[in-house]
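These are the residues of each chain, in order.
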Amino acid sequence: MSRPCLKRLLRDLKEVLENPLPDVAALPLENDLLVWHGNVRGREGLLADSIIHFVLTFDESYPARSPQVFLYQAIPHPNVVPRPHFDIWAAEGARWRLALWDCIPTHDAWCQAYTVYSILVLLQSFLVDEDMQFDHHQILPEVAVRQAAELTVEACGHRPAAPFPPLPTPEVIALAKAARGKRVVVRPTLKPRAAVPGSIKQAGIHAGYKRSHEEAGHTFKHALGHRTWWQPRSCPGSLWGSSFKEPLHASNKPASNGSSHSAKRIRIREPQCKRIKAVLDAHAIACQKGTAEVPAGIHSALHESSLAHGQLAQRSMGPLMDRLPPDTLSGILSLLAHEDLENLSYTCYGMWRAAKDGAVWRELLHRQFPFSTLTASSASDWQYTYTLQATAAMEDLQCFFTKVPFTEDILGLPLTFTRNPKTKAFLPLYLTHDHFERVKAGRSLDRALAALAPEAIALGRKTPSFSNFLGIIPKMLNTAIVLIMDKGLAVSDRALATYCNLHRLYLALAEDFNLGPQASKILTRFANEPASRVKSQTPNLGWLIPILSLGTQASHTWKEMGNLILEEALDRNILWICKHDPSLQESLSRDPDRGGADHELLRKSFEASAVSQKLIAFHVAFLTHIARPEGSTLQQVMVTYDALYGRPSPALRMRQVMEKIMVLDCWAAFMPMVGHPVQADFGATMTKRLRLAWCNSLQKKYHSKGMNFQRVQGRGISSILLKGQRYTAAPNIEQIRVLDKWHFQPPNTKYLDATMFVLGAGGRIITTVDYQATSSFGTRVVGAVTHSGDVMEASSGCHTMQIRLRDLGANVKSLLLVLSAWQGNYLDVIKQPYVEVVDPATKMTLCEYHLEKQPKQTLAENTAVAMCRIFVGPTGTWQVEALGQMLPAGSAANYEPIEGWIAAQGW
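All values reported here derive from a predicted model rather than from experimental measurement.

**Quick notes on the overall build of the chain**
Line of reasoning, step 1. Secondary structure assignment for the chain yields 30 helices and 23 strands.
Line of reasoning, step 2. A total of 907 residues make up the chain; the buried ones form 50% of that total.
Line of reasoning, step 3. Carbon together with sulfur atoms contributes 53% to the accessible area of the chain, which is approximately 41,900 Å² in total.

Shown next, in the form of C-alpha cells:
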C-alpha cells in the first residue's frame, strides 16, 4: 500500500471512531485496510429498522480515485445495480453495486476531499431514503428485508444477531462527544516588525489607532471590528466631476476626538444613541423581573447607530445600565446577535467595554455553536474564538487530500492555467509567520514562479526573479473575481476567501522581497505619464488596481488614482460596447458638448460592459474594506489577515457588498459604488463621458473609423467551447482522442452515429471513418484514424476515435466530426450529445463542446449536426473549432447531403 493512501485511511479511521454516527458504521478488516465493512439502518419507509450490510473497497490511489460501494443483498433503489464484474478478492458475495459518484454517465462526482466519514453520511441519507426506495429491477421490498435479516458474511463475522460492525448506541455517541477534546485557541504567531516604519511616516499616511493594544483590550481589534469613516474630497477640474467621494459601501471609522466633524456627528447621532439606551434600560428592568427577552426595537435601533467608542468615551451607558452588576449586563448582551452586539459597542465607551467582555462571547459561542470544539486560552480571547468558529477559519487549515494540518505541512492552492497546453502548479500560501518561514525555506515558491512565468527566467538563473510576482498575483486575483461574477453568490464566500489568501500572500511577498518600490514606480508612471495608461503599456486594469494596496505614497490610493483608472477603463470598453450593439456608434460619435442625456445609450452601454464595471466595483470595495482602509498601514492590514489565517473578517460584511455589486444594472448605481455621487444632471454628464471615451478610443487606436465591430474576437477562453470558438493545441502534440457521448430514454435504444470525415485541400473528402469503416484509408499510414464502433449501455452510448496526427500525412488538412441519428430518426430522440477532445499523452482534457440548447422544433427537423472541426491553423499547429451546425438531412446510411454541405464550406 502506498504511504499517502495508508496515512489517509488511518486518519479516516480516527475520524470515524471519534465521531460515531447514528444508524451507520464502518470498520476495516483486521488484515486489510483497503476493505471496510459497514452497516446502515433504515429509519423510514419500506426498509425501516432493516440493517443493510455493505462493503467499501479502496485501491492504493485513494483518495485520487473513489472507493467502490457493494451490497450483499439487492434493495429497491435506482442506484443499486448488479455487478458487471464479480471480484472475489474484493468482496466475496457482494454481487450488487451502489453507484454514488457515477450516477450520471460521463460525469464523475467524486471529490478527493471526501473521507470515509463523509461517505457514511451520504449512505445514511441516500441509501435508505424513503423517496429513493424504488428501482427498475423489480426487487420486492419484503424480499430485500428478509435477505437483510438472514445475511451472514464470513469475511467480517457479520451475523443476523450480531451485526458487524455494531451500530453505535445513543450512549456511545454521547460518550464519544464528551471524550472529544477541545482545541485551545492560540493566536497566530505574528512576524516581529516595527510599529510604524519610517517610510510610511514620511509618506504622510495616518498611522492608525493611537491607543495601545493593552488599553484597547484586544490585540486584533482592527481585525474584528474596524470601521472607517470616509470624508468627502474635492477633485477640481476632473472629467469625473468636482466631488469625488470614497465609495458608499465603505465602512465607518471614527474621526479624532478633537475634530469638529467628529463633534458634528455626535450631535447628529445623539437621538439614536438615546433610543438604544432607552430600549436597553427597559430590558434591564425586565431582567430584574425575570422576563428577559431580546428587546423588540433593538435590531432597528442598533443598525441605525454608527457611533464609535472613541467619540463618546466619557459618556455613560444610561441610568439603569450603569447600576447593573457585570454578570447581569453580560447576560443581557449575550441574548443579542453578534451583529447587534457589534453595533451596540459603537454607542459609547462604556458599552464598548461591556461588549468586549469574554463572558458575553463565550455564551454566544455556546448558544450558536453548541458542538464547537474550540475553547479560548484566556477570557480576553473568547471574541476571537467566536470569530474563528463563525468563519470556520480553522476547519480548512488542512490538506484536502492528505488531511494533514498546516502545522505539519505546507499548504497552498493548486493552479491550472493555460500555457498551451494547460499547466498545473502549486502555490504555497501565507497562513502564519511560522508557516511562511517553512515555505521560504523550501523551494515551493521558486517552483511555482518557474511554472507561472518561465519566460521571465534570466540568463544564469534557474528561476525567475521574485519581482515577477508583482504582476502574477494580480492576474490570479482578477480570476477569482471573474469566478464570483460568473458563478454568482453561490461561490462568493469560497472565492472571497481565496481572494484574501492570495492578497495576503501578495503582501508577504512584497514585504519580504521588497516589492514596494517597484509597485510605487508602476503607480507613479501610470499617474504621471498618459502614455503609460494605454493598453500596450498597461494591458489589464484589473491587474493594476490590486497594486494600489502596496502603495506607500499618499497619492497611491483609489481617491487619487480612481479617476484615471475609470477614464481609461471606459475608453477601452467602447470597443466592446459597440461589438455588443453596433447601433450605438451613431450616438457615441456625436459631439460630446452638444445634446443632453441619451437614456438608451446609457442603458445599452452599461448592459454591454456590466461585467467589466462589476469587476472594478469589487476591486474598489476590496481596497476600501480590506486591502487598504482609510488611515490603515500595511502592517495593520497584515495583522487583520493573520488574526483569521488570511480569512476576511465577518465584521467587514463583504458578502452584503458583493450582493449589491451583483445586481448593478445601470451607471447611476455603479458610480456611487466607486466614489462618484449622482448629481441632478447625471444623465447628461454620463452621456458626455461616454462620447469623450469614444474620442479617446479613436485617438488611442482602440478602434478605428468604419470598423466592423462584429468581427472583433470575443474576450476570454473556456475549456467548454461554445459555437464558433476555437482551441489551439500544443505544438508538440502527437495524438488526439475524440470521445462523443449521448443518452436516450430506455427501453428503446437509440443510436447516434459518429462519423469522422478526413478532408484534404478545398474540403475534398479523402476517407470516412465510422462504425462500419473503423480504420482510415488514404492517409499516410493506414489506421491513422480509428473508430471504436458503438459502445452501448442501458441508457447511453459512446464512441472513441483515436487520431495519430503525425500519421495523417501532408495531404490531410482537416477532420470533421458529424453526429447523426440512425434509422430515419431526428435529433430530438437523442439527449445531451457532447464531444470531448483529450491529449492521451497527458490525459488532459483539451476542450469540450456541448451542443447548444436548441428548440425542440429545431431538433425535430434535423437529422445530423456537424459538431467540431480539427484542422491545421495558419501557424502550423492543430486547432479545434466548435461548429454546432444543424443539418436537415443525412445519416450514416446516406452521406450525400452531408457531403454536399461540406463541399459548400470551401475548407
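After that view of the structure, there is still more to cover.
**What to know about the packing of aromatic side chains**
Line of reasoning, step 1. This model, assessed by the stated rule, comprises 16 aromatic pairs.
Line of reasoning, step 2. Their ring planes at 80° and their centres at 5.3 Å tell us that Tyr499 and Phe618 sit as a pair that is edge-to-face. Here Phe618 lies in helix α24 (residues 610-627) and Tyr499 lies in helix α18 (residues 492-512), a separation of 119 residues in the sequence.
Line of reasoning, step 3. For Tyr499, a relative accessible area of 2% translates into the label buried.
Line of reasoning, step 4. Note on Phe618: relative accessible area 0%, which makes it buried.
Line of reasoning, step 5. Seen in terms of ring centroids, Trp667 and Phe670 are 5.9 Å apart; in terms of plane orientation they differ by 75°. Their pairing is edge-to-face.

**A few points about the environment of Glu363**
Line of reasoning, step 1. By the secondary structure assignment, Glu363 is in helix α13 (residues 358-368).
Line of reasoning, step 2. Glu363 sits in the partly exposed class, given a relative accessible area of 38%.
Line of reasoning, step 3. Between the C-alpha atom of Glu363 and that of Leu335, which follows or precedes it by 28 residues, the distance is 8.6 Å.

**Considering the nonpolar core**
Line of reasoning, step 1. Counting residues in hydrophobic clusters, the biggest one holds 101 residues, and the most contacted among them are Leu427, Ile473, Trp558, Leu588, Phe618, Trp667 and Phe670.
Line of reasoning, step 2. Apart from the residues within four sequence positions on either side, Phe670 is in contact with Leu566, Phe606, Gln613, Ile616, Ala617 and Leu664.
Line of reasoning, step 3. Ranked by size, the runner-up nonpolar core spans 38 residues in total, among them Leu21, Val24, Trp96 and Trp110.

**Some points on helix α15 (residues 433-441)**
Line of reasoning, step 1. For α15, the set of buried residues is His433, His435, Phe436 and Val439. The buried residues of α15 occupy an angular sector of 155° when the element is viewed end-on, so they sit on one face.

**Some words on the environment of Met662**
Line of reasoning, step 1. Counting through the fold element by element, Met662 comes out in helix α26 (residues 654-662).
Line of reasoning, step 2. C-alpha of Met662 to C-alpha of Leu615: the two residues are 47 residues apart in sequence and 9.8 Å apart in space.

**Structural notes on the pattern of salt bridges**
Line of reasoning, step 1. Scanning all chains against the criterion turns up 26 salt bridges.
Line of reasoning, step 2. Lys700 serves as the salt-bridge partner of Asp571, at 2.8 Å between the closest nitrogen and oxygen. Taken together, the positions of Asp571 in helix α21 (residues 558-580) and Lys700 in the loop between α28 (682-699) and β11 (720-721) put the pair 129 residues apart, joining distant regions of the chain.
Line of reasoning, step 3. One salt-bridge network, in which partners are shared between bridges, spans Glu568, Asp571, Arg572 and Lys700.

**Quick look at the sheet that holds strand β1 (residues 24-29)**
Line of reasoning, step 1. Read from one edge to the other, the open sheet built from six strands follows the order β1-β2-β3-β4-β6-β5, with strand pairing classed as antiparallel. Looking at the sheet topology across the chains shown, the edges are occupied by β1 and β5 (80-82). The sheet shows a mean angle of 30° between the axes of neighbouring strands, direction not considered.
Line of reasoning, step 2. Here β1 pairs with strand β2 (residues 32-41) via six bridges, running antiparallel. Bridge pairing links Pro28 to Trp36 in β2.
Line of reasoning, step 3. In this fold helix α1 (residues 3-18) packs onto β1 and β2, with an angle of close to 30° to the strand it touches most, β2.

**Focus on unusual backbone geometry**
Line of reasoning, step 1. Backbone torsion omega between Tyr62 and Pro63 reads 10°, so that peptide bond is classified as cis.
Line of reasoning, step 2. Mapped onto the secondary structure, Pro63 falls in the loop between β3 (51-57) and β4 (68-71).
Line of reasoning, step 3. The linkage connecting Phe164 with the following residue, Pro165, adopts the cis geometry, with an omega of -5°.
Line of reasoning, step 4. One can find Pro165 in the loop between α3 (141-150) and α4 (170-179).
Line of reasoning, step 5. In this structure, Asp49 is a non-glycine residue whose phi angle is positive, near 70°.
Line of reasoning, step 6. Positionally, Asp49 belongs in the loop between β2 and β3.
Line of reasoning, step 7. A positive phi angle, near 55°, is found at Tyr645, a position not held by glycine.
Line of reasoning, step 8. Position of Tyr645 relative to the elements: it lies in the loop between α25 (634-643) and α26.

**Here's the deal with α25**
Line of reasoning, step 1. Within α25, 10 of the 10 residues are buried, leaving the element largely enclosed by the surrounding structure.
Line of reasoning, step 2. Looking only at α25, the buried set comprises Leu634, Gln635, Gln636, Val637, Met638, Val639, Thr640, Tyr641, Asp642 and Ala643.
Line of reasoning, step 3. The positive-phi residue at the C-terminal boundary of α25 is Tyr645, with phi of around 55°.

**Let's talk about the pairing of β1**
Line of reasoning, step 1. Most of β1 sits inside the fold, with five of its six residues counted as buried.
Line of reasoning, step 2. In this structure, the hairpin formed by β1 and β2 is closed by a connection of two residues.

**A closer look at the side chain of Thr768**
Line of reasoning, step 1. By the element assignment, Thr768 lies in strand β15 (residues 765-769).
Line of reasoning, step 2. For Thr768, a relative accessible area of 18% translates into the label buried.
Line of reasoning, step 3. If near-sequence neighbours (up to four positions away) are discounted, Thr768 is found in contact with Thr755, Met756, Phe757, Ala773 and Tyr895.

**With respect to the side chain of His435**
Line of reasoning, step 1. Note on placement: His435 falls in helix α15.
Line of reasoning, step 2. For His435, the side chain forms a polar contact with the main-chain oxygen of Leu429, separated by 3.1 Å.
Line of reasoning, step 3. When neighbours within four sequence positions are excluded, His435 is seen to be in contact with Phe406, Asp409, Ile410, Leu411 and Leu429.

**Some thoughts on the pairing of β4**
Line of reasoning, step 1. Direction of pairing for β3 relative to β4: antiparallel, over a ladder of four bridges. Within β4, the position partnered with Thr57 by the bridge is Gln68.
Line of reasoning, step 2. The sheet contact formed by β4 and strand β6 (residues 96-98) spans three bridges and is antiparallel. Bridge pairing in β6 links Phe70 to Arg97.

**Describing the packing of α1 against helix α2 (residues 116-126)**
Line of reasoning, step 1. Running from N to C, α1 and α2 point in directions that differ by 50°, and their axes come no closer than 8 Å. One way to sum up the angle between α1 and α2 is to call them oblique. Contact with α1, carried on its side by Asp12, Glu15 and Val16, involves Val116, Tyr117 and Leu120 of α2 and no other residues of that element.
Line of reasoning, step 2. Among the residues forming the contact of α1 with α2, the class breakdown is four nonpolar, no polar and two charged.

Cut-offs and rules
Residues numbered from 1 in each chain as written. Predicted model: local features only at pLDDT ≥ 70, side-chain atom pairs only at ≥ 80, totals over all residues. Heavy atoms only, no water. Helix = DSSP H or I, 4+ residues; strand = E, 2+ residues; numbered from the N terminus. Buried < 20%, exposed > 50% of the residue type's maximum accessible area, 1.4 Å probe, protein only. Areas by Shrake-Rupley, 256 points an atom, 1.4 Å probe, with all protein chains shown as cover. Phe/Tyr/Trp six-rings, centres within 6.5 Å; stacked < 30°, edge-to-face > 60°. Core = buried A, V, L, I, M, F, W, Y, C linked by side-chain atoms within 4.5 Å. Contact = heavy atoms within 4.5 Å. Arc of directions from axis to C-beta. Salt bridge = Lys/Arg side-chain N within 4 Å of Asp/Glu carboxyl O. Pairing = 2+ DSSP bridges. Axes fitted to C-alpha atoms, helices over the stretch in contact; angles between N-to-C directions. Polar contact = N/O pair within 3.5 Å; in protein donor to acceptor, adjacent residues only side chain to side chain. Parallel < 35°, antiparallel > 145°, perpendicular 65-115°, else oblique. Nonpolar A, V, L, I, M, F, W, Y, C, P; charged D, E, K, R; others polar.

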